Amino acid sequence: MEEQKQSTSSNYFKGLSRRDYIQKAHEIIQQEGIQAVSIRRIAKEMGCSSASLYRYFDNVSELLYYAELRILTGYIDRLNEAEKSWKNMWQVYVGVWDCYATEAFHNPEAYNLLFFEYNNVKLKEAMREYYEMFPEDIVNVNRFFYNMLQTPSFLARDFEMCKRCINVGGITYDNAVKLNRMACMLFEGYFKDVYENGIGEEQIPERVKLMVDDVDTIVMALANNLKGYKGYRK
């Protein structure tokens, strides 16, 4: 009887880890979308009880949050490639927004979950834990993305970039505060429209261009010293 009880318990929990469940959820999202993920389905496909998942996650939303963090590898890769062409701090500033908007517009459900639906403190803690479980996803981490890991607030992350512009004499502190606020609010407006109303894949490049051109216009208006910068897309 005792042996049977131990066998039942083993099958019940299957010795699966937090990483195993996150990986399975990510695979389902990639194949069928976020709506296809449920605790019951994952338990069935992994041959365990739903209760075993609740040992590691409070609910399906928390599981989805961690599963969607894997999608940020696309952002890392895009930053790494784009950085090769950036020649000054202003190109870096506007270029990071270009990369971020492109990835966010391609993956609005994931980016809404990661950056807006949950609070910023959870993002900081979750990202650190996630990359401890999936170190292979951060092997080629970009330096700008690494700074994001250290800074939980949406506004604060952008202001880290603004401070770099301040340090090279490109903008005054007061104008950097304005740039920070205006750029973040601008992105949130564009992103909300994409998230709520949808967007076709073929429309994304033009929508990103509109947003980045708007950021560029703000930079041109507020910068104290552009140091040869003639506009991000010119």
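Residues numbered from 1 in each chain as written. Predicted model: local features only at pLDDT ≥ 70, side-chain atom pairs only at ≥ 80, totals over all residues. Heavy atoms only, no water.

## Regarding the packing of aromatic side chains
Short version of the rule: In this analysis, rings of Phe, Tyr and Trp, with Trp reduced to its six-membered ring, are considered paired at centre separations within 6.5 Å, and the interplanar angle assigns stacked below 30 degrees, edge-to-face beyond 60, and tilted for intermediate values. The helix and strand labels rest on DSSP assignments: H or I over at least four residues marks a helix, E over at least two residues marks a strand, and numbering proceeds from the N terminus. Burial classes: relative accessible area under 20% of the type maximum marks a residue as buried, over 50% as exposed, and values in between as partly exposed (1.4 Å probe, protein chains only).
Inspection of every chain in the model, using the stated rule, returns 22 aromatic pairs. Both rings, one in tryptophan 90 and one in tyrosine 93, keep their centres 6.2 Å apart while their planes meet at 80°; by these two values the pair is edge-to-face. Taken together, the residues tryptophan 90 and tyrosine 93, both in helix H7 (residues 89-106) and three residues apart, mark about one turn of the helix. Judged by its relative accessible area of 1%, tyrosine 93 is buried. Each ring, one from tyrosine 130 and one from phenylalanine 134, has its centre 4.7 Å from the other, and the planes form 20°; the classification is stacked.

## Quick word on the UniProt feature "DNA-binding region" (unreviewed entry) in the protein
Rules: UniProt positions are given in the numbering used here, feature names are shortened, and annotations may be inferred rather than shown by experiment.
Here, the residues flagged by UniProt with the feature "DNA-binding region" (unreviewed entry) are residues 38-57. As annotated, residues 38-57 has a helix share of 60% and a strand share of 0%, and its two end C-alpha atoms lie 12 Å apart.

## Concerning the pattern of salt bridges
Inclusion rule: Salt bridge, as used here: a side-chain nitrogen of Lys or Arg that lies within 4 Å of a carboxyl oxygen of Asp or Glu.
The full count for this structure, using the stated rule, is 13 salt bridges. Two residues, lysine 24 and glutamate 45, come together in a salt bridge whose shortest N-O distance is 3.5 Å. A residue pair is termed long-range when its members are at least 10 positions apart, and lysine 24 in helix H2 (residues 18-32) and glutamate 45 in helix H3 (residues 39-46) qualify at 21 residues. When its relative accessible area of 19% is taken as the criterion, lysine 24 is described as buried. Ionic pairing is found between glutamate 136 and arginine 70, a salt bridge with its closest N-O pair at 3.3 Å. Remark: arginine 70 occurs in the loop between helix H5 (60-68) and helix H6 (73-83) and glutamate 136 occurs in the loop between helix H9 (120-133) and helix H10 (143-150); sequence separation between them is 66 residues. Here the salt bridges do not stand alone but share partners, grouping Lys24, Glu27, Glu32, Arg41 and Glu45 into one network.

## Remarks on the environment of proline 108
Convention followed: By definition, residues are in contact when any of their heavy atoms lie within 4.5 Å.
When you line up the elements, proline 108 lands in helix H8 (residues 108-117). Owing to a relative accessible area of 18%, proline 108 belongs among the buried residues under this scheme. Residues proline 108 and tyrosine 195 lie 87 residues apart in sequence; the distance between their C-alpha atoms is 5.4 Å. Every residue in contact with proline 108, bar those within four places of it in the chain, is listed here: Phe191, Val194 and Tyr195.

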